[in-house]
Each structure stands twice: as C-alpha cells, then as structure tokens.
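Report on the structure
If you want the building blocks of each chain, they are given just below.
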Amino acid sequence: MRIGVAREIKTDEYRVALTPAGARELAQHGHDVLVESTAGEGSAFLDSDYERAGARIVSVDDVWAQSELLLKVKEPIEPEYGRLREGLVLFTYLHIAADEPLTRALVDSGITAVAYETVETDDRRLPLLAPMSEIAGRLASQAGAHFLEKPLGGRGLLLSGVPGVAPGRVLVVGGGIVGYNAAIIALGLGAQVTILERSIDRMRHLDEILSGRVSLVMSSTLQIESSVSDADVVIGAVLVPGAVAPKLITREMLGVMKKGAVIVDVAIDQGGCVETARPTTHSDPVYSVDGIIHYCVANMPGGVPITSTKALTNATLPYVEEVAEHGIAEAVARDRALARGVNVLHGKITYEAVAEAHDLEYTPLDAVLPLTPA
Ligand SMILES: NC(=O)c1ccc[n+]([C@@H]2O[C@H](COP(=O)([O-])OP(=O)(O)OC[C@H]3O[C@@H](n4cnc5c(N)ncnc54)[C@H](O)[C@@H]3O)[C@@H](O)[C@H]2O)c1
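None of these values were measured; they are calculated from a predicted model. The numbers attached to residues start from 1 for each chain and follow its sequence in the written order. The predicted origin of the model limits local features to residues at a pLDDT of at least 70 and limits the giving and counting of side-chain atom pairs to 80 or more, whereas totals for whole chains, interfaces and linings rest on all residues. As a convention, hydrogens and water are excluded, and side-chain values are obtained from all of the structure's heavy atoms.

Next up on the list: helix α11 (residues 305-334). By the criteria applied, helices consist of DSSP H or I runs no shorter than four residues and strands consist of E runs no shorter than two, each listed in order from the N terminus. One fewer than the residue count of a helix, multiplied by 1.5 Å, yields its expected span. With 30 residues, α11 should cover 44 Å at 1.5 Å per step; its first-to-last C-alpha distance of 32 Å lies more than 12% under that length. The principal kink in α11, of about 120°, is found at G327. A residue's bend is given by the angle between axes fitted to the 7 residues ending at it and the 7 residues starting at it.

See below:
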C-alpha cells in the first residue's frame, strides 16, 4: 500500500505520525512510504533519516494526492480541507464531535477517516490515547515541582526536601493513567503522594502496583476539601467518560490552600476539574488566582515531541500495519477496536456520537461493511 506521512501545520504542533523506525517496518513489508519534506523536523527526525529507512521524501501536494493511507497527528485544519478526497483513508486524532466544519468537510469529500481517540478495545481501553496520558501525567509532576520555585511565583519549596527537611506533598485527584504516571514521578522526586480515587477496584490495583508507597483515599467533596489544604502540588487527573470533567476543586477551596501552591489541571482538555482553570499554552503556561499558581496546558505532550512522537508511533504502528496489509475493509472486520475508530466511511458518518453531535445522518459501520473477516 502507498502510505503517506503529512507534515503538521497546526500552530505549535511538532509531532509527526511516523518515526523512521516505523517507516522501516512498513518499507520492509513491501509498502511504499511517502514522507512530506521536513515532516519530522519538529521531532528531531531529518528527511535523510526517513530516506535511509526506505521512505521517499515528497512534496505536500504529492503526499496528499498519491497516498492511499495518510497518517497525521492532528485533525486537518481549514487550509487542508481542499485536499480531502474520496478513496483516501486518513488515520489521525480527529475529535470531530466538537468540530462541525471538519465533520462536514470529511462527509462532503467522500473520504474514510479513522480517529485515534475512538479506537477502543473490548475491555474499553483507548490504546491510542493512553500514551499521551502517560506523558501528560509524568509532565504534570515535573511542572508542579518547577512552578513551586519562588522566582516563578511558587511557594519556594523543593519537592524532594533534603536530609533534615521534610519533602513536599503532592495530591493527585483521579488515579487513572494520568494520575498513576503523575504519582510515580512525584514519588521518584521524593514527594509524599496521596491519590484520591472514586473506583475501589482501581484503588486496589494501585495499592498492588505501588506497594503502599502512596496514600490511597476515597474521593469525596469533604476529602478533597481537607486534602487540598495540606498540598503543595495538586494534580487534577479525573475523567468521566463522555462527559465534561466535574468541577471538584472550587474557588472557595483555593482559600484553604497554601499561598504559592501549584495546581496542575491535566483534565483541562475536558473542561478542567478545577473551577478556576482555563486553558493555557506552552509559551504562557501559568497564571495565578487567589495566590495559587494554575498550570493548565491543554496539549501537554506537545511540549516533548521527541518522546510523544515515538510513544504515539509505538501505539499506532500495529493498526497502521493491519490497514496496510489487509486494506481498511478487511482490517476492521478482523479488529473490533480498529472498527470503533472509523468515524467516517466513504463520506458516511459511522460513529453515532459524531452524527448526534451535529444532527447529521448516522450509518452503522456494519450496514456498509461486512464485519466478519473474509
Ligand atoms: N492536558 C493534556 O495535555 C492531557 C493529555 C492527556 C490526557 N488528558 C486528560 O487527563 C484526564 C485523565 O485522563 P486518563 O487517561 O488518566 O483517564 P482515566 O480514565 O485513565 O482516569 C480517570 C480516573 O478518574 C477517576 N475519577 C472519576 N471521577 C472521579 C472523582 N470524582 N474523584 C476522583 N477520581 C475520579 C476514574 O475512576 C479514573 O480512574 C482526561 O481528562 C484526559 O483527557 C489531558
């Protein structure tokens, strides 16, 4: 199959959808890999690295026009709408339930679009979102430690402490993928860590894998209120699937927190779990409300593109290989997780939540494709 890798043109997006290592795997299996010139530069991959891996470097026009399967990181933006076309399979983060113009552009073009974020296994894991949650969680503790420094507006506390001086306290609200990864980095820095969770099964699992090194406490409004007053860093990491994040930390609670404490609201991409949180960017990541530093970067993994690109490719490559090997119809018949990723097939909306969000016609995937392997 002819597989293209387009350069990202969205502001501040430095990731690329395929590493040279991934290109080598595909080329070795006999696929024709086209990489748009300089697509990998933001992630420290040169055109020559891809060429050595067996890919061809092509122009933006050629990568969009010649590919059968096009790999991207972010959703197409307006200048790219004219390049969408029938016969192309696009594999990328899409988030189209919140983007009507793009949904219409995809439908009108007759393209097939598979969204990383809706690829979902039978046990409800989201394998193409998980690596970004791992990165965001790990960054959250780094950011918290950093912005505790006095010249940056923080309390002026070293999270690890030193011999004879107690370490700082990190409170993680939500013990899922982000929360677990935030906790292990905070532990590594030597902080005292508490995780508030709502799921007892998840707490049992965390207790097992963290072998008692963190305090695991049932999350409730009362518990959050009392825990935030002790914390030097609060990390918001809750997710209620399919809903905006609940506002668990209210403005009133800021009043009981220590001045110069840092809140990192990782859930900001779902609206944030802190009442006073609003999205910030890597170039201007923090602001202060009532003396509490707020870090609310909505695309945290974008700050570390070398790591994010590799982690993303590790997760996407098996699915790319399936589509490349069998074609989209047979690949989705073989893999239910991949089938759930199909948002648009030949211009028809095959993901119910997307059709509902925009009041457009929904066509179940199995009405247009036989979902049993040939
Ligand atoms: N800002 C970024 O760059 C970025 C990057 C990746 C993920 N995220 C966001 O981080 C959030 C967490 O993602 P995740 O992958 O860890 O999700 P996850 O589903 O793995 O974990 C969420 C956890 O929150 C818990 N939870 C729900 N309600 C709670 C409550 N009231 N109190 C305590 N815990 C509660 C759930 O039981 C679950 O364990 C999501 O909103 C996700 O979109 C943001």
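Picking up after the structure, the text goes on.
On to the layout of surface pockets, then. Both cavities and pockets are sets of points on a 1 Å grid over the protein atoms alone; in a cavity a 1.4 Å probe fits but cannot get out, in a pocket the set is open with protein on both sides within 12 Å along at least five of seven lines, and lining residues sit with an atom within 4 Å of a point. Grid points are joined across faces, edges and corners, and a volume is the space filled by probe spheres set on the points. Roughly 250 Å³ of internal volume is contained in the second largest pocket. Lining the second largest pocket are 13 residues, with R336, R340, T350, Y351 and Y362 positioned closest to its centre. When residues of the lining of the second largest pocket are traced back to their parent elements, those giving at least two are α12 (336-339) and α14 (365-368).

A few words on the sheet that holds strand β15 (residues 348-349). Should DSSP find at least two bridges between two strands, the strands are regarded as paired. In space, the eight strands of this open sheet follow the order β3-β2-β1-β4-β5-β6-β14-β15, with mixed pairing throughout. The outermost strands of the open sheet, each flanked by one partner alone, are β3 (56-58) and β15. Of the pairings in the sheet, the one linking strand β6 (residues 112-115) to strand β14 (residues 342-345) comprises two bridges and is antiparallel in character. Bridged to A113 within β14 is V344.

Whether parallel or antiparallel, the strands of a sheet pair through hydrogen bonds between backbone atoms. Strand order in the open sheet formed by seven strands is β9-β8-β7-β10-β11-β13-β12, with mixed pairing between adjacent strands. The open sheet is flanked by β9 (215-218) and β12 (286-289), the only strands paired with a single partner. The sheet shows a mean angle of 20° between the axes of neighbouring strands, direction not considered. Where strand β10 (residues 233-236) lies against strand β11 (residues 262-265), four bridges are found, and the strand directions are parallel. Within the sheet, the bridge partner assigned to I235 lies in β11 and is V264. Across the sheet, helix α6 (residues 130-147) lies against β10, β11, β12 and β13 (292-295), angled at about 155° from β11, the strand it touches most. Contact criterion: two residues are considered in contact whenever any of their non-hydrogen atoms come within 4.5 Å of each other. Interaxial angles span 0 to 180 degrees and are taken between N-to-C directions of axes, which are lines fitted to C-alpha atoms, for helices over the stretch in contact. Contacting β7 (169-173), β8 (192-197), β9 and β10, helix α9 (residues 221-230) crosses the sheet at an angle of about 150° to β7.

These figures come from the coordinates and say nothing about function on their own.
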